[in-house]
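Residues per chain, in single letters:
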Amino acid sequence: QKEVEQDPGPLSVPEGAIVSLNCTYSNSAFQYFMWYRQYSRKGPELLMYTYSSGNKEDGRFTAQVDKSSKYISLFIRDSQPSDSATYLCAMLINYGQNFVFGPGTRLSVLP
Amino acid sequence: DTAVSQTPKYLVTQMGNDKSIKCEQNLGHDTMYWYKQDSKKFLKIMFSYNNKELIINETVPNRFSPKSPDKAHLNLHINSLELGDSAVYFCASSPRRDRPNYNEQFFGPGTRLTVL
């Protein structure tokens, strides 16, 4: 079992849909949970992160962490064609430097 | 201004050659990384340097040798290139671990290496 699992997709949704992207993990020591967006032929860019459990909202994006289930989600409301990208989850233990990434989910938002 | 830059952007070379990729960050970060992203988009850490000191060295062939001349630069030298080395290599940086935002990692644009 990989340390971080993510549905690779591809996921296609119509513009305006609510998108749910998910990751599961096995290491209960992870405390930081990050979401990156990667456009084609570009480097990943950090979208948002959560520390420990809970929710965090930033505009149309909401990140949720459920440590008891070892499950994290990223919700995108009112999805736009510009959201079409690969979304990578990443995790880190406290004071660690070894960022562990999921394999990424490719999202297409169709106009 | 570019925060994390890498050169070259594309690298096409023959098997057996030696090549280098350069990385520079102007964010004042203390920690720098090299990642390899394969054709399935899986991003895997290779090395991490903290203020010129090697911290993480994942299971990577010793043909790969990172070098950090100062904390703003981390270069990757690859000897005797093999077909399986073809991938996109990303450099990244982050603040040091005693900073509250040390988990905020910034990536360069990537170097697409093709070994023929």
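Refer to the structure printed above.
Counting restarts for each chain, with residues numbered from 1 along the sequence as it is written. Throughout, the order in which chains and ligands are written sets their labels, letters from A for the former and numbers from 1 for the latter. Predicted model: local features are reported for residues with pLDDT of at least 70 only, side-chain atom pairs are reported and counted for 80 or more only, and whole-chain, interface and lining totals are derived from all residues. No hydrogens and no water enter the side-chain calculation; it runs on all heavy atoms of the structure.

Undergrad: Is there a simple way to explain the overall build of chain B in this structure?
TA: Each helix and strand counted, chain B has 0 helices and 11 strands in total. We count a stretch as a helix when DSSP gives it H or I for four or more residues in a row; a strand needs E for two or more, and each element gets its number in order from the N terminus. The order of helices and strands in chain B, counted from the N terminus, is β-β-β-β-β-β-β-β-β-β-β. For a compact globule of 116 residues, the expected C-alpha radius of gyration is about 13 Å, and chain B comes in at 14 Å, within 12% of that figure. In terms of its C-alpha atoms, chain B occupies a principal-axis envelope of roughly 45 × 30 × 25 Å. The classification of residues rests on relative accessible area computed with a 1.4 Å probe and restricted to protein chains. Under 20% of the type maximum is buried, over 50% is exposed, and intermediate values are partly exposed. With 116 residues in all, chain B has 44% of them scored as buried. Residues count as neighbours in contact if any of their non-hydrogen atoms are within 4.5 Å of one another. Taking the contacts inside chain B whose residues are at least 6 apart along the sequence as the reference set, 55% of them involve residues at least 24 apart. Residue exposure ignores everything except the shown protein chains as possible cover, and the areas themselves are Shrake-Rupley values with a 1.4 Å probe. Looking at chain B as shown, the accessible area adds up to about 5,700 Å², and 49% of this sits on carbon and sulfur atoms. The charge count includes Lys and Arg as positive and Asp and Glu as negative, but it does not include His or the ends of the chains. A charge is said to be at NZ when it belongs to Lys, at CZ for Arg, at CG for Asp and at CD for Glu. Of note, chain B has its 15 positive side-chain charges centred 3 Å away from the centre of its 12 negative side-chain charges. In this treatment the radius of gyration is a C-alpha quantity, and the globule benchmark scales as 2.2 Å times the residue count to the 0.38 power.

Undergrad: What exactly am I supposed to notice about the nonpolar core here?
TA: Soluble globular proteins tend to pack their nonpolar side chains together in the buried interior. Core analysis: the biggest nonpolar cluster contains 25 residues, and Val4, Trp35, Ile72, Leu74, Tyr87 and Met91 of chain A have the highest contact counts within it. Elements represented by at least two residues in this core include exactly strand 3 (19-25), strand 4 (30-38), strand 5 (45-51), strand 7 (61-66), strand 8 (71-76), strand 9 (85-93) and strand 11 (105-110) of chain A. Setting aside residues up to four positions removed in sequence, Tyr87 of chain A forms contacts with Gln6, Leu21, Tyr36, Arg37, Leu47, Leu74, Ile76, Gly104, Thr105 and Leu107 of chain A. Counting 20 residues, the second-largest nonpolar core is a separate cluster that includes Phe64, Leu76, Tyr89 and Val115 of chain B. For our purposes a nonpolar core is just a set of buried Ala, Val, Leu, Ile, Met, Phe, Trp, Tyr and Cys residues, chained together by side-chain atoms within 4.5 Å.

Undergrad: I'm lost on the pattern of salt bridges in this one. Help?
TA: All names here are of chain B. When a carboxyl oxygen of Asp or Glu lies within 4 Å of a side-chain nitrogen of Lys or Arg, that pair is called a salt bridge. In total, this model carries 7 salt bridges over all chains according to the counting rule given. The residue Lys71 makes a salt bridge to Asp30 at a minimum N-O spacing of 3.6 Å. Here the residue Lys71 occupies a position in the loop between strand 7 (64-70) and strand 8 (73-78), and Asp30 occupies one in the loop between strand 3 (19-25) and strand 4 (31-37), the gap between them amounting to 41 residues. Accessibility expressed as a relative area gives 34% for Lys71, which makes it partly exposed. Residues Arg96 and Asp30 are paired through a salt bridge, measuring 3.8 Å at the closest nitrogen-oxygen approach. Of this pair, Arg96 sits in the loop between strand 9 (87-94) and strand 10 (106-107) while Asp30 is found in the loop between strand 3 and strand 4, placing the two residues 66 residues apart along the sequence. On the basis of relative accessibility, which here comes to 30%, the residue Arg96 falls in the partly exposed class.

Undergrad: Mind showing me how you'd approach the packing of aromatic side chains here?
TA: Two measures describe an aromatic ring pair: the distance that separates the ring centres and the angle between the ring planes. For Phe, Tyr and Trp, where Trp contributes only its six-membered ring, two rings pair if their centres lie within 6.5 Å, and the inter-plane angle classes them as stacked under 30 degrees, edge-to-face over 60, or tilted in between. By the definition in use, this model includes 14 aromatic pairs over all chains. Between the aromatic rings of Tyr25 of chain A and Phe30 of chain A, the centroid separation amounts to 5.9 Å while the plane-to-plane angle is 65°, which identifies the pairing as edge-to-face. Side by side, Tyr25 of chain A and Phe30 of chain A carry an identical accessibility label, which is buried. Judged by centre distance (5.5 Å) and plane angle (85°), the ring pair of Phe101 of chain A and Tyr35 of chain B falls under edge-to-face. Here Phe101 of chain A, found in strand 10 (residues 100-101), pairs with Tyr35 of chain B, found in strand 4, and the two come from separate chains. Judged by relative accessible area, which is 2%, Phe101 of chain A ranks as buried. For Tyr35 of chain B, a relative accessible area of 0% puts it in the buried group. Ring-pair connections join several aromatic residues into one group, and the members of that group are Tyr36, Phe99 and Phe101 of chain A together with Tyr33, Tyr35, Phe90 and Phe107 of chain B. The aromatic ring of Tyr49 of chain A is capped on one face by Lys56 of chain A, whose charged end is 4.4 Å from the ring centroid. Two thresholds decide whether a charge sits over a ring: the Lys NZ or Arg CZ must be within 6 Å of the ring centre and within 35 degrees of the ring normal.

Undergrad: Quick question: what am I supposed to make of the interface of chain B and chain A here?
TA: One frequently used descriptor of interface size is the decrease in accessible area upon assembly of the parts. Listed as interface residues are 26 residues of chain B and, on the opposing side, 24 residues of chain A. The quantity reported as buried area is the accessible area (1.4 Å probe) lost by two parts once they are put together, taken as the sum for both. For chain B, the biggest contributors to the area lost against chain A are Lys41, Tyr102 and Asn103 of chain B; these three give 28% of the whole. Applying the counting rule to chain B against chain A returns 0 salt bridges. Counting of polar contacts relies on pairs of N or O atoms within 3.5 Å, with two restrictions inside protein: one atom must be capable of donating a hydrogen and the other of accepting it, and residues adjacent in sequence are counted only when both atoms are side-chain atoms. Taken together, the connections running from chain B to chain A amount to 3 residue pairs in polar contact (both at pLDDT 80 or more). The class makeup of the residues in the side of chain B that touches chain A is 13 nonpolar, 7 polar and 6 charged. Residue polarity follows a fixed list, in which Ala, Val, Leu, Ile, Met, Phe, Trp, Tyr, Cys and Pro are nonpolar, Asp, Glu, Lys and Arg are charged, and the others, Gly among them, are polar.

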